[in-house]
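Chain residues, written in single-letter form:
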Amino acid sequence: MLVVGLTGGIASGKSTVSRRLEEHHHIPIIDADKIAREVVEPGQAAYTKIVNYFQSKIPNLLLDDNHLNRAALGKWVFSNSEDLQVLNQITHPAVRYTIFKRVLFCYLRGYSMCVLDVPLLFEAGLDLFCGVTIAVLSEPSLQLERLLARNPQMSNGEAKSRINSQTTNEERIEKADFVLTNNGGLPFLYREIDELVRRIQPTVLRTVLEYIPPFGAISAAAIVLSRYEAFAQTQKMK
Ligand SMILES: CC(C)(COP(=O)(O)OP(=O)(O)OC[C@H]1O[C@@H](n2cnc3c(N)ncnc32)[C@H](O)[C@@H]1O)[C@@H](O)C(=O)NCCC(=O)NCCS
Ligand SMILES: Nc1ncnc2c1ncn2[C@@H]1O[C@H](COP(=O)(O)OP(=O)(O)OP(=O)(O)O)[C@@H](O)[C@H]1O
C-alpha cells in the first residue's frame, strides 16, 4: 500500500485537498489534527500530562466540562516556544502511534493507498514513513488572510506566530516529491489534484503488485516496523 504524506502550513489548504481526495478519488485520509484532538480527551494519558504541566501556568486551562481549553493552550504555547516543545513531546508519540495503527487498518481493509494529512510532516520526521510526499503551498499573505477569515477570534500577531512556528515553504519545496500551489480558485486547485492523482497511479500499482496477499500483510507489517524503527533512530539522535 502506498502511504502518501500531505503537508503544508496552517491554512494552506490541506483539508481542502484531503476532502477532494476522499470525496472525488475515494482515498482514505488519516487526519493528524483530528487524532491530536482525540489523544487529549479527558482520561487519555496525554491529557493528564498536559494538565499536570500546564495547569499552574494557564489558569483557564480547563473548560467547565473538564476538556482542555484549546484556545487558551494555543495562545500560551504559540508565544512560548519552549512550552510548545513540551506540548509536542507529550502529544506527538500518541499521535504517531495512532497514525501507524490507522495505516495498518487501511491496509487490512484492502486499500491500495492512504493519505496522511499532517501539518508537521517534515518537522516531526514522519515523511520517512511515506512512499510519496505532497506539499500544499499558499503565498504567506494569502495564508494569513485565509487563517484570519477562518479563525476570526485570532489576532494578527497570534496568526503570524503560528505560521512562524512551522517550517518554511522553501523547505517544503525542497523536501516534498510533489507540490500543489493553492493561490488561485478551487477549480484550479482541483485540476492540479486530479492531475497529481493520475501521476502517482503507477507508483500505487507498483506498490500493490509488490505486496500481493497472503504475503502482503506480513510485508506491510515489516515495512511499518522498519520505517518506524528508522524514525525512532532519528528521534534518539536528536
Ligand atoms: C496548541 C493546540 C491546543 C491548539 O489547538 P487549536 O484547536 O487552536 O488548533 P488545531 O489543533 O485545530 O490546529 C490548527 C493548526 O495549528 C497548527 N499547529 C497545531 N499544533 C502545532 C504545533 N505543535 N506546531 C506548529 N503548528 C501547530 C497546524 O497547522 C494545525 O493544522 C493544538 O494545536 C495542539 O494540541 N497542538 C499540539 C499537537 C500537534 O502538534 N498537532 C498538530 C498535528 S500532529
Ligand atoms: N483555493 C481556495 N480558494 C478559496 N478558499 C480556499 C482555497 N483553499 C482553501 N481555502 C479556504 O482557506 C481556509 C483554509 O483551508 P484549509 O482548512 O483547507 O487549510 P488547512 O491547511 O487544512 O488548514 P489547517 O491545517 O490550519 O487546518 C478554509 O477556510 C478554506 O475553505
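To be clear, the structure that these remarks concern was listed above.
Here's what I pulled together on the structure shown here. Source: prediction; values computed, not measured.

### Overview of the overall build of the protein
- Along the protein, the regular secondary structure elements total ten helices and five strands.
- Computed over C-alpha atoms, the radius of gyration of the protein comes to 19 Å, within 12% of the 18 Å expected from 2.2 N^0.38 for 238 residues, which places it in the range of a compact globule.
- With the principal axes as the frame, the protein shows a C-alpha extent of 55 × 40 × 35 Å.
- Counting only residues that meet the buried cut, the protein has 45% of its 238 residues in that class.
- Sequence-distant contacts, at least 24 apart, represent 72% of the contacts inside the protein between residues at least 6 apart.
- On the protein, roughly 13000 Å² of surface is accessible, and the fraction owed to carbon and sulfur atoms is 55%.
- The positive charge centre, built from 26 side chains, and the negative charge centre, built from 25, are 2 Å apart in the protein.

### Examining the site of ligand 2
- Neighbouring residues of ligand 2: 15 residues in total, closest Lys14, Ser15, Thr16, Arg150 and Asn182.
- Here Gly13 contributes a backbone N or O atom positioned 3.0 Å from an oxygen atom of ligand 2.
- Surface burial for ligand 2 is 76%, taken as the share of its 630 Å² of free accessible area covered by protein chains.
- Those elements giving two or more residues to the shell around ligand 2 turn out to be α1 (14–25) and α6 (140–150).
- The element best represented in the shell around ligand 2 is α1, accounting for three residues.

### Description of the pattern of salt bridges
- Going through the model one piece at a time under the given rule, you end up with six salt bridges.
- Among the ionic pairs, Lys75 bridges to Glu158, the shortest N-O distance being 3.5 Å. With Lys75 in helix α4 (residues 70–77) and Glu158 in helix α7 (residues 156–164), this residue pair connects regions lying 83 residues apart in the sequence.

### Some thoughts on the site of ligand 1
- Ligand 1 sits among 19 residues. The nearest are Asp33, Arg70, Asn88, His92 and Gln166.
- Within the side chain of Arg37, an N or O atom sits 2.9 Å from an oxygen atom of ligand 1.
- Contact between ligand 1 and His92: an oxygen atom at 2.7 Å from a side-chain N or O atom of the residue.
- With five residues, helix α5 (residues 81–108) is the largest single contributor of residues to the shell around ligand 1.

### Section: the state of the cysteines
- Under the definition given, this model contains zero disulfides.
- The closest cysteine sulfur to the non-disulfide-bonded Cys106 is located on Cys114, 4.6 Å from its own sulfur.
- Judged by relative accessible area, Cys106 falls into the buried class, the value being 8%.

### Focus on the packing of aromatic side chains
- Evaluation of the coordinates by the stated rule reveals two aromatic pairs.
- Between Tyr53 and Phe54, the aromatic rings sit 4.8 Å apart at their centres with planes inclined by 80 degrees, giving edge-to-face as the arrangement.
- We classify Tyr53 as partly exposed; its relative accessible area is 31%.
- Of the residues examined, Phe54 reaches a relative accessible area of 0% and is grouped as buried.
- A centroid spacing of 4.3 Å and a plane angle of 80 degrees characterise the contact between Phe100 and Phe129, whose relative ring orientation is edge-to-face. Note that Phe100 is positioned in helix α5 and Phe129 in the loop between β3 (113–117) and β4 (132–137), a separation of 29 residues in sequence.
- Assessed through its relative accessible area of 4%, Phe129 is described here as buried.
- Of note, Arg20 hangs over the ring of Tyr190, and the distance from its end group to the ring centre comes to 4.4 Å.

### A short note on the side chain of Thr91
- Relative to the assigned elements, Thr91 resides in helix α5.
- According to the relative accessible area criterion, Thr91 is buried, its value standing at 10%.
- Of the polar contacts made by the side chain of Thr91, one reaches the backbone oxygen of Leu87; its length is 2.8 Å.
- In this structure Thr91 touches Val39, Val40 and Ile50, once residues within four positions along its chain are discounted.

### Points about α1
- The end-to-end C-alpha distance of α1 is 15 Å, a good match for the 16 Å that twelve residues give at a rise of 1.5 Å each.
- Along α1, the residues classified as buried are Lys14, Thr16, Val17, Ser18, Arg20 and Leu21.
- In the segment just after α1, His26 is the residue with positive phi, at about 55 degrees.

Rules used throughout
Residues numbered from 1 in each chain as written. Chains lettered and ligands numbered in written order. Predicted model: local features only at pLDDT ≥ 70, side-chain atom pairs only at ≥ 80, totals over all residues. Heavy atoms only, no water. Helix = DSSP H or I, 4+ residues; strand = E, 2+ residues; numbered from the N terminus. Rg over C-alpha atoms; globule rule 2.2 N^0.38 Å. Buried < 20%, exposed > 50% of the residue type's maximum accessible area, 1.4 Å probe, protein only. Contact = heavy atoms within 4.5 Å. Areas by Shrake-Rupley, 256 points an atom, 1.4 Å probe, with all protein chains shown as cover. Lys, Arg positive; Asp, Glu negative; His and termini not counted. Charge placed at Lys NZ, Arg CZ, Asp CG, Glu CD. Near = heavy atom within 4 Å. Polar contact = N/O pair within 3.5 Å; in protein donor to acceptor, adjacent residues only side chain to side chain. Salt bridge = Lys/Arg side-chain N within 4 Å of Asp/Glu carboxyl O. Disulfide = S-S within 2.5 Å. Phe/Tyr/Trp six-rings, centres within 6.5 Å; stacked < 30°, edge-to-face > 60°. Lys NZ or Arg CZ within 6 Å of the ring centre and 35° of its normal. Expected span 1.5 Å × (residues − 1).

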